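# Topology and contacts: notes
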Amino acid sequence: MDKAVLGLFTYADDLLDAAKKLEGSGYDITIFSPIPLGHEIEHKLGPRKNHIKYFTFIGSVAGLFFGLLLTLGTAAMYVIPRGGRPIWSITPTLLMSYETTILIGVMFTLMSFLFFSKLPSFSKKIYDPQINVDYFGLLIDGNLRGRYDEVERILRDNGANEIKRVEETEYNS
Amino acid sequence: MAPHHMSDNQTGNAISYKEVNDDVVRTMTETGKWYYIALAGAFSGFLAFWILPWAYQIYKGQGVSGLNTPDFWGIYLTNFVFWIGISHSGTLLSAILFITKTPWRRSIYRSAEAMTFFSVATAAVFIFVHMGRPWNFYWTMPYPNQRQLWLNFQSPLMFDVFAISTYATSSMIFLYFGSIPDLAAVRDRVTGWRKQVYSALALGWRGTDSEWHWLFKAYTFFAVFIIPLAVSVHSIVSWDFALSKVPGLAKTIFAPYFVVGAIYSGSAGIVTLMIIFRKAMKIEKYITLNHFDKLGMLLLVMSLLWSYINVIEVFTGWYANTSAENETLIYRMFTTPYAYMFWLMIVTNTILPLLFIFKKCRTSILACLVVSLGINVGMWLERYLILTTSLPRKFLPYMWHDYIPSWVEISMTLGSFCFFAMLFLLFVKLWPSVSIYEVKEDIGIPMRRGGGHH
């Protein structure tokens with residue numbers, strides 16, 4: 001069975017150099033870090049898409065219509081006449097819709113986050129607990145047969161502290 | 001170990017990444033005897049001062065409280081508004097400081113957000129207490145029923161149900177999703193039952209680039225949603241009162257007045273809580289005098305805003321010059337016992353916070369503690385005065401009646417503080433109460449070539 005290679009780095013810029021080189025040579029890479037490196041990674045490897053915003057937008061619009069439907073619909077279904085005042089009253093309807101816009105917008109954002117980040121995921125995956133303390137990790141997987149030496153050389157040349165050949169390891173080992 | 005140090009961070013100390021993990025996990029796993037004593041105290045206080053009197057009230061009926069015609073709104077709703085107000089700083093402040101990328105947010109925001117969530121919970125329970133027949137709560141939910149009877153969405157009380165449930169849900173999501181990377185860090189360090197719990201809570205987080213990317217994007221949207229939401233929640237709470245026709249309540253300034261008051265009391269709550277929290281958890285190196293300096297400036301600004309609106313509120317009442325408005329103002333400002341409360345409120349909320357003009361006071365823990373506690377006493381009195389000097393002095397003098405809270409109400413007020421303390425004590429043991437990854441961001445990204453940048 002093929003093994004993946006995991007390089008652990010102390011410095012973020014070393015990691016990014018190695019990542020750029022390996023990605024340029026067509027390897028599948030995954031970067032691990034104890035802190036978000038979004039800005040630095042985009043700077044080095046190019047900008048990434050933000051699909052969540054579409055879902056947030058759709059959710060908010062859905063929430064707005066849900067609020068309108070709820071307030072106007074229930075008012076129409078059970079009419080309470082109040083001395084000539086409007087049955088469909090604008091201000092309270094907008095207030096309710098304001099809240100449901102936010103609520104359902106938040107829900108859609110949450111769902112799309114879980115969808116795109118592929119969480120929750122409790123299957124066994126390659127991971128090293130040091131990554132959550134003070135190491136930056138670079139995982140190279142895919143078909144590496146015969147190319148281990150090259151990958152490991154690139155990692156080493158770019159200052160990796162530790163290089164491991166790993167299989168699907170125990171999840172939290 | 002590599003030198004993961006920076007000296008120009010908010011904490012002002014050279015701290016390594018590993019130390020942050022160690023310290024935060026330590027606050028969760030090492031428990032001294034004082035913690036248990038405090039928890040037992042808070043829990044017994046909650047039982048004795050809240051649950052038992054509430055059971056008594058449910059058994060005997062709402063008559064055991066001091067609520068009676070015409071003052072149907074008393075301490076219960078005072079407490080409701082007070083706790084909702086306290087909740088307003090945590091999440092709102094955290095969201096604003098996140099969007100503006102303010103560095104001193106990082107070590108305090110987690111516990112501030114928890115404070116939000118717990119005080120919303122405390123406030124929500126007061127609605128149940130005030131309801132008299134809490135088992136009928138589901139009547140406030142829109143559900144299809146045989147009589148096709150729906151809610152009256154034109155009532156501010158219904159806005160409140162939706163606003164507060166949306167706020168509680170969103171605050172919880174904001175708190176939880178901001179914590180996932182830290183829950184994973186805790187997962188990697190603990191054993192036994194904790195391992196299982198945090199493995200589940202961390203959702204299998206590994207810290208990959210893609211996870212961080214999506215978390216950050218989603219978190220930004222949460223923050224953007226939270227800000228208008230929080231403003232709307234306290235505006236709506238104010239409309240519970242301001243949409244009535246009662247003198248002293250029907251004021252157009254009420255929405256901004258309540259929002260400002262909420263942020264003011266919430267920020268003071270954060271200061272009080274942080275002073276106790278950093279001392280008890282020995283995390284002085286993360287929550288430093290610099291944080292109190294910044295929070296002090298915020299309190300000073302909010303104090304000036306609050307005082308301005310308070311002057312305007314009295315002024316518009318006086319300028320209207322109707323007998324009903326005048327009576328409310330005289331009752332509130334010059335009649336015992338309310339006059340004592342009113343002028344005490346002015347001292348604690350307008351005069352005392354002026355001390356924060358001086359940096360020496362902003363960076364003195366004692367001054368911060370005194371002023372922040374004073375503000376919260378004052379803000380509680382403000383809500384008490386709003387409710388108890390308006391309804392008892394409505395238009396017809398033959399209906400006038402002074403509100404006197406009963407022991408049941410006073411006891412439940414005490415109990416609510418015990419309940420909040422209990423929830424917060426449980427939180428600091430069960431949750432990473434200082435954000436591990438954001439304190440690390442503050443320390444800086446370790447770079448071989450040149451220092452890390454923020």
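Anything mentioned here points back to the structure above.
Residues numbered from 1 in each chain as written. Chains lettered and ligands numbered in written order. Predicted model: local features only at pLDDT ≥ 70, side-chain atom pairs only at ≥ 80, totals over all residues.

Another aspect to go through is the overall build of chain B. Check the secondary structure of chain B and you find 15 helices and zero strands. Here the C-alpha atoms of chain B give a radius of gyration of 23 Å, agreeing with the 22 Å that 2.2 N^0.38 yields for 454 residues. Seen along its three principal axes, the alpha-carbon backbone of chain B occupies a region of about 80 × 60 × 40 Å. Looking at chain B as a whole, 50% of its 454 residues are labelled buried. Considering only contacts within chain B whose residues lie at least 6 apart along the sequence, 80% involve residues at least 24 apart. (Helix = DSSP H or I, 4+ residues; strand = E, 2+ residues; numbered from the N terminus. Rg over C-alpha atoms; globule rule 2.2 N^0.38 Å. Buried ≥ 20, exposed ≤ 12 C-beta atoms within 10 Å, placed from the backbone. Contact = placed C-beta atoms within 7 Å.)

Turning next to the overall build of chain A. The secondary structure content of chain A amounts to five helices and four strands. Listing every helix and strand of chain A by position from the N terminus yields β-α-β-α-α-α-β-α-β. Dimensions along the principal axes, computed over C-alpha positions, put chain A at roughly 85 × 30 × 30 Å. Considering chain A as a whole, with its 173 residues, one finds that 40% of them fall into the buried category. When contacts within chain A are restricted to residue pairs at least 6 apart in sequence, long-range pairs at least 24 apart make up 84% of them.

The next thing to look at is the pairing of strand E3 (residues 136-141) of chain A. All names here are of chain A. Burial analysis of E3 places five of its six residues in the buried class, which makes it a mostly covered element. The sheet contact formed by strand E1 (residues 4-9) and E3 spans five bridges and is antiparallel. Along E3, the bridge assignment pairs Leu6 with Leu139. (Pairing = 2+ DSSP bridges.)

Let us look at the interface of chain A and chain B. Of the residues lining the interface, 55 residues belong to chain A; the matching set on chain B comes to 55 residues. Within the residue set of the side of chain A that touches chain B, elements represented by two or more residues are helix H1 (12-24), strand E2 (28-32), helix H2 (38-45), helix H3 (52-77) and helix H4 (90-117) of chain A. In terms of residue count, H4 of chain A provides more of the side of chain A that touches chain B than any other element does, 14 residues in total. When the residues that make up the side of chain A that touches chain B are grouped by side-chain class, the tally is 32 nonpolar, 16 polar and seven charged. (Nonpolar A, V, L, I, M, F, W, Y, C, P; charged D, E, K, R; others polar.)

Attention shifts here to the nonpolar core. Within the largest apolar cluster, 169 residues are counted, with the highest numbers of intra-cluster contacts made by Leu15 and Leu138 of chain A together with Ala218 and Phe222 of chain B. A total of 16 residues in this core trace back to one element, the largest contributor, which is helix H7 (residues 209-242) of chain B. Structurally, this core is a two-domain feature, drawing no fewer than three residues from each of domain 1 (4-48 + 122-166) and domain 2 (52-117) of chain A. Leave out the neighbours within four places in its chain, and Leu138 of chain A touches Gly7, Phe9, Leu15, Ala18, Ala19, Ile29, Ile31 and Leu155 of chain A. (Core = buried A, V, L, I, M, F, W, Y, C linked by C-beta atoms within 7 Å. Domains from an automatic or database assignment.)

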